[in-house]
Amino acid sequence: MTRIGLFITCVNDALYPQTPKAVVTVLERLGYEVDFPQAQTCCGQMHANSGYRKDAAKLAASFERVFGSYDAVVTPSGSCAAMARDQYPDLIGSAIGERVHELSEFLLDHAGVEDVGARFPHTVTYHPTCHGTRALGLGDKPLRLLRAVEGIELVDLPEADQCCGFGGTFALKNAEVSSAMLEDKCRHAAATGAEYLAAADNSCLTHIGGGLSRAGGPAPIHYAEILASTA
Amino acid sequence: MSTAFPKAAKVALGMPQLRSNLAHATGTIRGKRAGVVGELDDWERLRDTAAAIKADVQHRMPELALAFERNATAAGATVHWARDAAEANAIAARLVREAGADEVVKVKSMATQEIELNEHFEAEGLAAWETDLAELIVQLAEDKPSHILVPAIHYNRTEIRDIFRGSMADAPEGLTDDPAALAEAARLHLRRRFLSAKVAVSGANFAVAETGSLVVVESEGNGRMCLTMPETLISVVGVEKLLPRFEDLEVFMQLLPRSSTGERMNPYTSVWTGAAEGDGPRDVHVILLDNGRTDVLADEVGRQALSCIRCSACLNVCPVYERTGGHAYGHVYPGPIGAILAPQLEPGRHDDLPYASSLCGACYEVCPVKIDIPEVLVHLRQTGPHQAGERVAMSAATTVMARPRLWRAALGAARLFSRPWRGRGFMRRLPWPGSKWTSSRDMPVPPGESFRDWWKERER
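Residues numbered from 1 in each chain as written. Chains lettered and ligands numbered in written order. Predicted model: local features only at pLDDT ≥ 70, side-chain atom pairs only at ≥ 80, totals over all residues.

A.B. asks: What is the right way to look at the overall build of chain A in this model?
C.D. replies: Assigned secondary structure in chain A consists of twelve helices and eight strands. Here the C-alpha atoms of chain A give a radius of gyration of 17 Å, agreeing with the 17 Å that 2.2 N^0.38 yields for 231 residues. Dimensions along the principal axes, computed over C-alpha positions, put chain A at roughly 45 × 45 × 25 Å. For chain A, with 231 residues in total, the buried portion stands at 64%. (Helix = DSSP H or I, 4+ residues; strand = E, 2+ residues; numbered from the N terminus. Rg over C-alpha atoms; globule rule 2.2 N^0.38 Å. Buried ≥ 20, exposed ≤ 12 C-beta atoms within 10 Å, placed from the backbone.)

Structure, rendered in structure tokens:
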């Protein structure tokens, strides 16, 4: 039996309990047992990408301590998985990233499941988040899982591959450019007329959702929550 | 710590015409590039090969530079070495005077933009005439290039017509903004310059060590005119432009036109090796330029920036560049490549440029020589300076996040602090520095029950 450690990420720990709950629901529905190690905090991505290498190394080392004994670590964040896989080898000389999987990678590549038995009778548009898609190489994996959901109507997002402008501390350091990128993303999202905008990273969804709550448009939702739904 | 970029970006964002010109132009080139790249089934292998050739050049730079000098000299060229911009400009100005000239025609060249050759010539009483259409527009407007390949990308054709009418003495009466009419006006204007020029100044896209040849890749034919008609030719070439073998061109000539103009093949490719009696310039000079490059070589992560072939594909896909334009970067190399090249070529300056990116990775995806731009951006952030206040905040965050109990306490405090907003779902206004977020986006409110509470309840 694969020992799965759930890494919920600091963003979800603080703001979005429904997303890791959904991951637990989906994995248990497929017969997996999931463990949640309480000592987990943050992967160190914000620190590393903001230029604080020593701080990032400290957090990476603590991630390694917390998750080192698991066969697989599953996380609902493409960018955190990419952090562990791309940066930990150089940062702390650890290969643990090879065992850290974004949810869709785990479901498709490890569990070999495309239809997770979900039902979600709504219109949904999907934003492929940059780190998940490009750095981690998720490609259309989350979208393939969504296509198998019963009742879902997927609507194409215009210029989907364009960054939403979040970029971690970029959103604060270059707030004006970030906001201009967000404005375009929100306009395209609203043009789809979809009820929901799904993505594989709640940090990007915090950004897009924060813009959409002012501009109007689809409700942001992590795709794991759609996979968990049986409504 | 510089804040020049965010400030300049804010100004650029307030110019709707600029934003629309850029979005239109970059969008068009992006589409063309994607089309012609998609035609090749060995694109990824070409990229890998190009990256390997460039890495080899970086490892063998001194040896290859000396081989180039030897072979170019044997073919009749004179090779000069310039440590920096001042040396290169001084050599070029001296050569122009020795040729008995007081003006030169120029092929579009980033190296001469980098060393500000035109400005230096002007100060020395020499005139440098740009002959590339876009460079001509920028020169007539007394402006600076805003794009590596398309220096006048920030202008639309109506603005270009106005520049011609205002600053081109021989502009035809009643000039319209029809692209063909504008090109014809430029042709007539430039023809006179080509016919009278005694000296030309160029850069080079490639310098082949094994043969001592230089290569210029261009679209308009102005380059060919400059490279063949004047008696004296001076080429300013960054040492990173070296290629070991002539056959290496086969790889780069597939990658460059597709990545830059979105064409399978560019209209004009000029290759010359020294001087040939009765064919082209009789006096051929090459100024090999360092200007910070060999220092960049010492950085194992950063040196991949020297692989750049100046195609601009990264600029055209960059969501930041598309919205700010090139001038905001405050350097001759703008966009993603500029954000990693400028702070390395001029250490201690441009230290805010590595932050002018959301790290979305679109640049790396299109780079024909596979420069991992996001990797270098993060590396430069990690080796560059930080603001004192930010350092304190970040280190406080680390202290909390490195201790699970403190982290849980902090989450509890955040839930407590945000309780008044809970019913509303979002916080619309936060005090500084949160105000930088809420200036354009709402902030979700931490939930009443955390995942940890839920999990504990379940385990019971």
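A.B. asks: Sorry, what's going on with the overall build of chain B here?
C.D. replies: Scanning chain B for helices and strands turns up 22 helices and twelve strands. By its C-alpha atoms, chain B is 95 × 55 × 45 Å across when sized along the principal axes. Taking the contacts inside chain B whose residues are at least 6 apart along the sequence as the reference set, 73% of them involve residues at least 24 apart. (Contact = placed C-beta atoms within 7 Å.)

A.B. asks: Where do I start with the interface of chain B and chain A in this structure?
C.D. replies: Between chain B and chain A, the contact holds 47 residues from the first and 52 residues from the second. Here the side of chain B that touches chain A is built from residues that sort into 27 nonpolar, twelve polar and eight charged. (Nonpolar A, V, L, I, M, F, W, Y, C, P; charged D, E, K, R; others polar.)

A.B. asks: What's the story with helix H1 (residues 4-13) of chain B in this structure? I'm lost.
C.D. replies: Because each turn of an α-helix spans 3.6 residues, side chains separated by three or four positions in sequence point in the same direction. The complete set of buried residues in H1 of chain B reads Phe 5, Ala 9 and Ala 12 of chain B. Buried residues of H1 of chain B fall within an arc of 60° about the axis and therefore sit on the same side. Summarising the contacts, the buried residues of H1 of chain B are in contact with helix H10 (175-191) of chain A together with helix H2 (16-38) and helix H15 (319-324) of chain B. (Arc of directions from axis to C-beta.)

A.B. asks: I keep staring at the sheet that holds strand E8 (residues 219-222) of chain A and nothing clicks. Help me out?
C.D. replies: Strands pair in a sheet through their backbones, by hydrogen bonds, and they do so in one of two ways: parallel or antiparallel. Residues and elements named next belong to chain A. Read across the sheet, four strands follow the order E6-E5-E7-E8 without closing on themselves; strand pairing throughout is parallel. The outermost strands of the open sheet, each flanked by one partner alone, are strand E6 (153-155) and E8. Adjacent strand axes in the sheet meet at a mean angle of 35°, parallel and antiparallel pairs treated alike. Summarising the sheet, strand E5 (residues 123-126) and strand E7 (residues 196-199) pair through three bridges and their orientation is parallel. Across the sheet, residue Val 124 finds its bridge partner in E7, namely Tyr 196. Contacts between helix H11 (residues 202-215) and the sheet are confined to E7 and E8, with E8 contributing the most and set at about 170° to the helix. (Pairing = 2+ DSSP bridges. Axes fitted to C-alpha atoms, helices over the stretch in contact; angles between N-to-C directions.)

A.B. asks: Is there a simple way to think about the domain arrangement of chain A in this case?
C.D. replies: The accessible area lost on association of the parts is a frequent measure of interface size. Residue and element names in this part refer to chain A. When the domains of chain A are assigned, the result is domain 1 (4-110) and domain 2 (123-228). Averaged C-alpha coordinates put domain 1 and domain 2 at centres separated by 21 Å. On the domain 2 side, the residues contacting the 27 residues of domain 1 number 22 residues. Elements supplying a minimum of two residues to the side of domain 1 that touches domain 2: helix H1 (10-14), helix H2 (18-29), helix H3 (45-49), helix H5 (78-92) and helix H6 (103-110). (Domains from an automatic or database assignment.)

A.B. asks: Help me understand the environment of Ser 213 of chain A in this model?
C.D. replies: Along the chain, the position of Ser 213 of chain A falls in helix H11. The exposure class assigned to Ser 213 of chain A is partly exposed, which follows from the 19 C-beta atoms found within 10 Å. Separated by 27 residues in sequence, Ser 213 of chain A and Cys 186 of chain A have C-alpha atoms that sit 9.6 Å apart. Contact partners of Ser 213 of chain A, with chain neighbours within four places excluded, come to Phe 426 and Asp 442 of chain B.

A.B. asks: How do you make sense of the environment of Glu 69 of chain B when you look at a structure like this?
C.D. replies: Relative to the helices and strands, Glu 69 of chain B is located in helix H4 (residues 61-74). Put simply, Glu 69 of chain B and Thr 211 of chain B are 142 residues apart on the chain and 9.6 Å apart in space, counted from C-alpha to C-alpha.

A.B. asks: I would appreciate a short explanation of the packing of helix H16 (residues 335-345) of chain B against helix H18 (residues 373-383) of chain B in the present structure.
C.D. replies: Each packed pair of helices is defined by two parameters, the angle between the axes and the distance between the axes. All names here are of chain B. Where H16 contacts H18, the axes come no closer than 10 Å and their chain directions differ by 40°. Considering their axes alone, H16 and H18 lie oblique with respect to each other. Relative to H18, H16 is oriented so that their crossing is left-handed. Between H16 and H18, the contacting residues are Pro 336, Ile 337, Ala 339, Ile 340 and Pro 343 on the first element and Ile 373, Val 376, Leu 377 and Leu 380 on the second. Class assignment of the residues belonging to the contact of H16 with H18 gives a composition of nine nonpolar, no polar and no charged. (Parallel < 35°, antiparallel > 145°, perpendicular 65-115°, else oblique. Left-handed = near helix turned anticlockwise from the far one by under 90°.)

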